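A look at the structure
Below, each chain spelled out in residue letters.
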Amino acid sequence: MLASFLLVGIGGGFGSLLRYYISLKCHKHFIGTWIANISGSIFLGILVKLQLANSLSEGTWLFFGVGFCGGYTTFSTFGKETIQLIFDRKVITAIFYVFTSFFISILSVLFILII
């Protein structure tokens, strides 16, 4: 049980660090969160497909699927940035951000699971 917690915690730490690095490279612009959420969804879709095919160990799933992807993607920042765009009167940008974040992520995972 302790090993499971460590795998999730260490994976989450790496995911959070990578998300922060992307944020800095994007000058803390919302596009960094967009990149992290979409690429994280794609990566998680690949992991789920491997898990469903019994090609992924439990430890690998805990480290990458639960830990890394959990730390790398972020719904809370997505929500904050969406509200900030609305407050900044960038409503069209906010709608585009929400729409593309949701649909590209969902459609990417669906595509991965059906191919």
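For every chain, the first residue of the written sequence is number 1, and numbering continues from 1 onward in sequence order. Local features are withheld for residues below a pLDDT of 70 in this predicted model, meaning they are given only at 70 or higher, and side-chain atom pairs are given and counted only at 80 or more; totals for whole chains, interfaces and linings count all residues. Side-chain numbers here rest on the full set of heavy atoms in the structure, without hydrogens or water.

**As for the side chain of Thr74**
Basically, it comes down to this: Strands here mean DSSP runs of E at least two residues long; helices mean DSSP runs of H or I at least four residues long; both are numbered from the N terminus. Identification of polar contacts relies on pairs of N or O atoms within 3.5 Å, with a donor-acceptor requirement for protein atoms, meaning one able to donate a hydrogen and the other able to accept it, and with residues adjacent in sequence counted only if both atoms are side-chain atoms. We call two residues in contact whenever any of their non-hydrogen atoms come within 4.5 Å of each other.
Mapped onto the elements, Thr74 comes out in the loop between helix H3 (58-72) and helix H4 (75-87). Among the polar contacts listed, one links the side chain of Thr74 to the side chain of Ser76, at a separation of 3.3 Å. Looking at Thr74, its side chain comes within polar contact range of the side chain of Thr77, at 3.1 Å. Once residues lying within four places of it in the same chain are set aside, the contact partners of Thr74 are Arg19, Thr33 and Asn37.

**A few points about a nonpolar patch on the surface**
As a reminder of what qualifies: Patches were defined on residues exceeding 30% relative accessible area and lacking a salt bridge, with like-charge contacts within 9 Å and nonpolar side-chain contacts (Val, Leu, Ile, Met, Phe, Trp, Tyr) within 5 Å. Per-residue and other accessible areas were derived by the Shrake-Rupley procedure at a 1.4 Å probe size, with only the shown protein chains allowed to occlude residues. In the sections that follow, a salt bridge refers to a side-chain nitrogen of Lys or Arg positioned within 4 Å of a carboxyl oxygen of Asp or Glu. Accessible area is worked out with a 1.4 Å probe on protein chains only. A residue is then buried under 20% of its type maximum, exposed over 50%, and partly exposed in between.
Where nonpolar side chains cluster on the molecular surface, the patch consists of Leu52, Phe99, Phe102, Phe103, Ile106, Leu107, Leu110, Phe111, Leu113, Ile114 and Ile115 and spans about 1,200 Å² of accessible area. Tracing the backbone shows Ile106 in helix H5 (residues 91-114). Among the residues examined, Ile106 registers a relative accessible area of 46% and is labelled partly exposed.

**Some points on the environment of Leu62**
Along the polypeptide, Leu62 turns up in helix H3. With a relative accessible area of 12%, Leu62 lands in the buried category. Between the alpha carbons of Leu62 and Leu6 there is a distance of 9.2 Å; along the sequence they are 56 residues apart. Contacts of Leu62, omitting those with residues within four sequence positions, involve Ser4, Leu7, Val8 and Gly67.

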